Amino acid sequence: MSLTHQFFFGIYPYIAMVVFLLGSLVRFDRDQYTWRSESSQMLSGGLLRAGSNLFHLGIIGLFFGHLVGMLTPADLVHALGVSASQKQMLAVVAGGTLGSLCLIGLLMLIARRLNDRRVRATSKPRDFVVLFWILGTLLLGLSTVPLSLQHRDGETMLQLMAWAQHIVTFRGDAASMIADVSTVFKVHMVAGMTLFILFPFTRLVHVWSGFASVGYVARPWQLVRSRRTGLPR
């Protein structure tokens, strides 16, 4: 196992998480006026609605699919009567479907940002960086589907799950879990981790606000009184 492999799959995940969490906290503390999605809907609707809906549906599904799929213990999966091969096929079908939806939406958003003069004029370089980085990461992920179909025994899935679970439990041998995994998987993983590093410095920070908005569901009712009568409205 090379030092490069050890760095990217044993150390880099922690660097990404520290930058992701600490960077988000610092930006919220120091630059709250930049904490927004910077929507360009007022400039041009165009492909925004359809592209945004497809993109968000796909990427949210992919995020939670990866989270649950990678961090669910293999013993629990087997206890539920699901074999490694079946789990891998489920991941291929779900990931391929959600990835395709996400890709269609993302291409629509990129086309709009490139082809609409007003939207392009107000775009920052970091907007294009994050869009094309997500595009590259997504294409790499979709390119793993044919590889997974060639080897349906689920062994690669188990290796990736072991790596993720070793990372979150701070075990030092995490990198060795995927030493012989295909390079395509590895490049996709590095691209995905790098996205977390880019996160605090781009409009992606608005994702935090999306999660925080769930708290409004449990927020108590506000009592508003009329100035004239003093009675609740």
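Our subject is the structure that appears above.
Just so we're clear, the structure is a prediction, and the values are computed from it rather than from any experiment. (Residues numbered from 1 in each chain as written. Predicted model: local features only at pLDDT ≥ 70, side-chain atom pairs only at ≥ 80, totals over all residues. Heavy atoms only, no water.)

S.K.: Help me out: how do you make sense of the pattern of salt bridges in this one?
M.R.: Oppositely charged side chains are able to pair whenever their charged atoms sit close together. Tallying each qualifying case throughout the model produces 1 salt bridge. Between arginine 203 and aspartate 127 there is a salt bridge; the shortest N-O distance is 3.1 Å. A residue pair is termed long-range when its members are at least 10 positions apart, and arginine 203 in the loop between α8 (183-198) and α9 (206-212) and aspartate 127 in helix α6 (residues 125-150) qualify at 76 residues. The same class applies to arginine 203 and to aspartate 127, which are both buried. (Salt bridge = Lys/Arg side-chain N within 4 Å of Asp/Glu carboxyl O. Helix = DSSP H or I, 4+ residues; strand = E, 2+ residues; numbered from the N terminus. Buried < 20%, exposed > 50% of the residue type's maximum accessible area, 1.4 Å probe, protein only.)

S.K.: Help me out: how do you make sense of the environment of leucine 98 in this one?
M.R.: In this fold, leucine 98 is placed in helix α4 (residues 84-115). Residues leucine 98 and isoleucine 59, 39 residues apart in the sequence, show an inter-C-alpha distance of 7.3 Å. The contacts of leucine 98, once residues within four sequence positions are left out, are Leu57, Gly58, Gly61 and Leu62. (Contact = heavy atoms within 4.5 Å.)

S.K.: Whenever I open this one, unusual backbone geometry confuses me. Can you help?
M.R.: With phi around 55°, phenylalanine 170 is a residue other than glycine that occupies positive phi space. If you trace the backbone, phenylalanine 170 turns up in the loop between α7 (155-168) and α8. Residue classification places phenylalanine 170 among the exposed residues on the basis of a relative accessible area of 65%.

S.K.: Hey, could you run me through helix α2 (residues 48-71) in this one?
M.R.: In an α-helix, one full turn covers 3.6 residues, which means residues spaced three or four apart are oriented alike. Here α2 is 24 residues long and its end C-alpha atoms lie 33 Å apart, about the 34 Å a rise of 1.5 Å per residue gives. Tucked into the core, α2 has its buried residues touching α4, α6 and α7. (Expected span 1.5 Å × (residues − 1).)

S.K.: I would appreciate a short explanation of a nonpolar patch on the surface in the present structure.
M.R.: Where nonpolar side chains cluster on the molecular surface, the patch consists of Ile60, Phe63, Phe64, Leu67, Val68, Leu71 and Val168 and spans about 580 Å² of accessible area. With 6 residues, α2 is the largest single contributor of residues to the nonpolar patch. Within the secondary structure, valine 68 sits in helix α2. (Patch = residues over 30% accessible without salt bridge, like charges linked within 9 Å, V, L, I, M, F, W, Y side chains within 5 Å. Areas by Shrake-Rupley, 256 points an atom, 1.4 Å probe, with all protein chains shown as cover.)

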